[in-house]
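Coordinates in review
What follows is the residue order along each chain.
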Amino acid sequence: MEKVFATRRLDIKSLALIQGGVNGGGVLADFERLSEDLRSDALQTPVLWRVSAETRTNAQGADDIWLHLSMQTSLPLICQRCLGPVDVPMSVDRWFRFVASEDVALAQDEEVEEDLLVFSRDFDLADLLEDELLMEIPLVPRHVSCPVPVKLEAIDADFAQAPEARKNPFAALAGLQISKDD
């Protein structure tokens, strides 16, 4: 009999003991927090993901639970250069190690390179998927090459030219300086 795993209540320990994996998918609209930052015209963009879990023996001889997450999608954002729509391809490929508590995670966080998660019998994989996508959103989304010419000038051709530069008010003071020879 095949065991069924739910994304909202994923039994990480059982999945790790059988060295199993779970494939899934959905659309961007399934992620409520993420959807707030995306263009509403493309919320049906597919999100494909896969998780696998395993146990690894640590230096103390105990078994640690590890989770591997891979995910692909395209985020519909607004280009900050031309202000047009841009689809940014996203790919997440990350390993996580589970620890017993928040205190253990805080104590080990500075010492280890892997990402740490606190073990829970009912781990919410859907939240992890959304968190990882939120962290991958680029700070300044933009096209590699914008499809429309971008105005990079501060003055428009139809706008009156800037007035002639004013003289520096301190320039006259330079002539009043007293030389050291006097």
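Bear in mind that the values here come from a model prediction, so they are computed numbers and not experimental data. (Residues numbered from 1 in each chain as written. Predicted model: local features only at pLDDT ≥ 70, side-chain atom pairs only at ≥ 80, totals over all residues. Heavy atoms only, no water.)

**As for unusual backbone geometry**
One non-glycine residue with positive phi stands out, namely Gln-19, at about 50°. Using a relative accessible area of 47% as the deciding quantity, one classes Gln-19 as partly exposed. Positive phi is not limited to glycine here, since Leu-83 has a value of about 65°. Inspection of the secondary structure puts Leu-83 in the loop between strand S3 (63–78) and strand S4 (85–99). With a relative accessible area of 61%, Leu-83 lands in the exposed category. (Buried < 20%, exposed > 50% of the residue type's maximum accessible area, 1.4 Å probe, protein only. Helix = DSSP H or I, 4+ residues; strand = E, 2+ residues; numbered from the N terminus.)

**A look at the confidence of the model for the protein chain**
On average, the protein chain scores 83 in pLDDT, and the residues at 70 or more come to 86%. Ranking the elements of the protein chain by mean pLDDT puts helix H5 (residues 171–174) last, at 74, and S3 first, at 93. Scored below 50 in pLDDT, residues 1–5 shows eight contacts in the model against residues more than four places distant or in partner chains. (pLDDT = per-residue confidence, 0-100. Contact = heavy atoms within 4.5 Å.)

**What about the environment of Ser-70?**
Tracing the chain through its elements places Ser-70 in strand S3. Overall, Ser-70 belongs to the buried group, its relative accessible area being 18%. Taking the C-alpha atoms as reference points, Ser-70 and Asp-93, separated by 23 residues in sequence, lie 4.4 Å from one another. Setting aside its immediate chain neighbours within four residues, Ser-70 contacts Leu-48, Trp-49, Arg-50, Val-92 and Asp-93.

**Concerning the pattern of salt bridges**
Counted according to the given criterion, the structure contains nine salt bridges. Between Arg-33 and Asp-131 there is a salt bridge whose closest N-O contact spans 2.7 Å. Residue Arg-33 is found in helix H2 (residues 32–35), and its partner Asp-131 is found in helix H4 (residues 125–136); the two are separated by 98 residues along the sequence. A relative accessible area of 31% means that Asp-131 is categorised as partly exposed. A salt bridge links Arg-94 to Asp-115; its shortest N-O distance comes to 3.5 Å. Separated by 21 residues along the polypeptide, Arg-94 in strand S4 and Asp-115 in strand S5 (residues 115–118) bring together distant segments of the chain. Overall, the relative accessible area of 34% leaves Asp-115 in the partly exposed class. Through salt bridges with shared partners, one network takes in Arg-94, Asp-115, Glu-132 and Glu-136. (Salt bridge = Lys/Arg side-chain N within 4 Å of Asp/Glu carboxyl O.)

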